[in-house]
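Residues per chain are reported as follows:
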Amino acid sequence: MKRFTTQPRTLLTTCLVGVTLLLVGCQQRMAHQPRYNPLGETDFFDDENSSRPLEPGVYARGWLLPGDPISTGLTAAGRKGGQKMKIKTNAPEEPEKEEEVVVPIGSPSDPALFVNEMPFKMSKKDIERGQVQYQVFCVPCHGPLGNGKGKIVERGFLPPPSYHTDPSDALPSTGLPAGYSRGFARYGQRIALKDVPHGYIFEVITRGYGGMPDFSSQITPTDRWRIVAYVRALQAQREPIDESSLTEAEKKAFEEQKKAEENKHNEHKKDDHKKGEK
Ligand code: HEC
């Protein structure tokens with residue numbers, strides 16, 4: 001019986017043909033389709049941008065709808081915009097003149113354009129979260145006390161206004177008394193930052209103001225409100241407490257706190273005295 005043998009050359013040729021056929025098979029046209037890189041350029045659309053904006057009215061699941069009280073610090077009139085107002089131009093080296101302008105949405109031409117209530121009830125936890133966020137995002141410029149003496153300001157950045165009308169630790173301001181809103185002053189209104197509506201502070205964080213950048217992409221709307229609550233807490237700390245407005249329980253807690261602080265103070269004094277005797 002004749003045995004079936006294969007010549008080495010025949011084997012090599014068969015292998016080569018096989019591999020070539022396999023490689024050709026892998027060359028799919030689908031791998032080389034025309035495409036744009038994200039945010040690439042194109043001359044197909046008028047705005048030359050290959051990435052298309054969302055159609056008006058498209059909202060992803062989980063997004064806040066416009067007008068949701070969490071997403072805005074503006075009242076219905078503030079959101080509508082279109083208010084006209086006469087303001088003085090302050091262009092440098094030009095004679096001052098009055099001009100009628102359409103107020104941009106979110107600008108502080110009138111406190112009534114901003115809401116003055118929080119969109120959700122602030123718990124102690126919310127204010128603590130606001131404190132953490134304030135320390136991350138605002139302290140570099142506004143300082144931990146909110147007096148505008150942040151580290152960046154020490155190195156020459158435009159000094160922000162203090163949140164407090166107490167002039168004792170404020171930086172010299174731009175012709176306004178300590179703690180007054182520059183935004184409202186631009187529209188001819190003198191309002192202390194401690195008296196601006198909550199919604200105004202929310203809008204400043206969302207849109208930025210003058211030399212201050214906006215934080216809409218870094219801080220979620222809910223956290224922006226928590227920061228507002230913390231700024232209000234910082235401001236309240238400087239205000240004298242009207243004891244007549246406290247409930248009985250609050251009065252008791254307040255008295256206890258005052259006593260504890262007095263005791264602590266007296267103990268420190270005693271310690272200092274002892275140190276002096278030695
Ligand atoms: C990079 C520095 C910087 C950071 C960070 C910053 N601010 Fe400001 N902020 C400023 C400056 C500067 C001004 C004053 C702008 C001007 O006068 O042009 C200002 C003004 C303000 C005002 C007053 C607007 C008015 O009407 O006078 C508020 C309120 C405010 N900031 C809140 C915040 C909060 C809250 C944060 C944190 C989320 C924050 N800022 C983070 C620099 C900063």
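Residue positions are counted from 1 within each chain, in the order its sequence is given. Reporting in this predicted model follows two pLDDT cut-offs: at least 70 for local features of residues, and 80 or more for side-chain atom pairs to be given and counted; totals over whole chains, interfaces and linings ignore these cut-offs and use all residues.

### With respect to the environment of His-142
Filter applied, for reference: A run of H or I in DSSP counts as a helix once it spans at least four residues, and a run of E counts as a strand once it spans at least two, with each numbered from the N terminus. Here the C-beta atoms are placed from the backbone, and a residue counts as buried if at least 20 other C-beta atoms lie within 10 Å of its own, exposed if 12 or fewer do, and partly exposed otherwise. A pair of residues counts as a contact when their C-beta atoms, built from backbone coordinates, are within 7 Å of each other.
Considering the arrangement of structural elements, one finds His-142 in helix H4 (residues 139–142). For His-142, a count of 24 C-beta atoms within 10 Å corresponds to the buried category. Between the C-alpha atom of His-142 and that of Thr-20, which follows or precedes it by 122 residues, the distance is 69 Å. Contacts of His-142, omitting those with residues within four sequence positions, involve Gly-148, Gly-150 and Pro-160.

### Regarding the pairing of strand S2 (residues 98–102)
Here is the rule: Pairing between two strands requires that DSSP report at least two bridges joining them.
Buried residues are scarce in S2, accounting for zero of its five residues. Alignment of strand S1 (residues 84–88) against S2, held across five bridges, turns out to be antiparallel. Pairing of Met-85 across the sheet is with Val-101, part of S2.

### Structural notes on helix H7 (residues 198–207)
Judged by how many residues are buried, H7 sits mostly within the fold: seven of 10 residues are covered. Within the sequence span of H7, burial applies to Gly-199, Tyr-200, Ile-201, Phe-202, Glu-203, Val-204 and Ile-205. Of the surrounding secondary structure, the elements contacted by the buried residues of H7 are helix H8 (221–237).

### Considering the site of the ligand
For the record, the criterion: Residues are counted as near a molecule or strand when the C-beta atom, derived from backbone positions, lies within 6 Å of that molecule or strand. Polar here means any residue other than Ala, Val, Leu, Ile, Met, Phe, Trp, Tyr, Cys and Pro, which are nonpolar, and Asp, Glu, Lys and Arg, which are charged; Gly is therefore polar.
As a structural note, the neighbourhood of the ligand is formed by 25 residues, with Cys-138, Cys-141, Gly-183, Gly-210 and Met-212 the closest of them. Elements supplying a minimum of two residues to the shell around the ligand: H4, helix H6 (182–186), H7 and H8. Residue classes in the shell around the ligand are distributed as 19 nonpolar, five polar and one charged.

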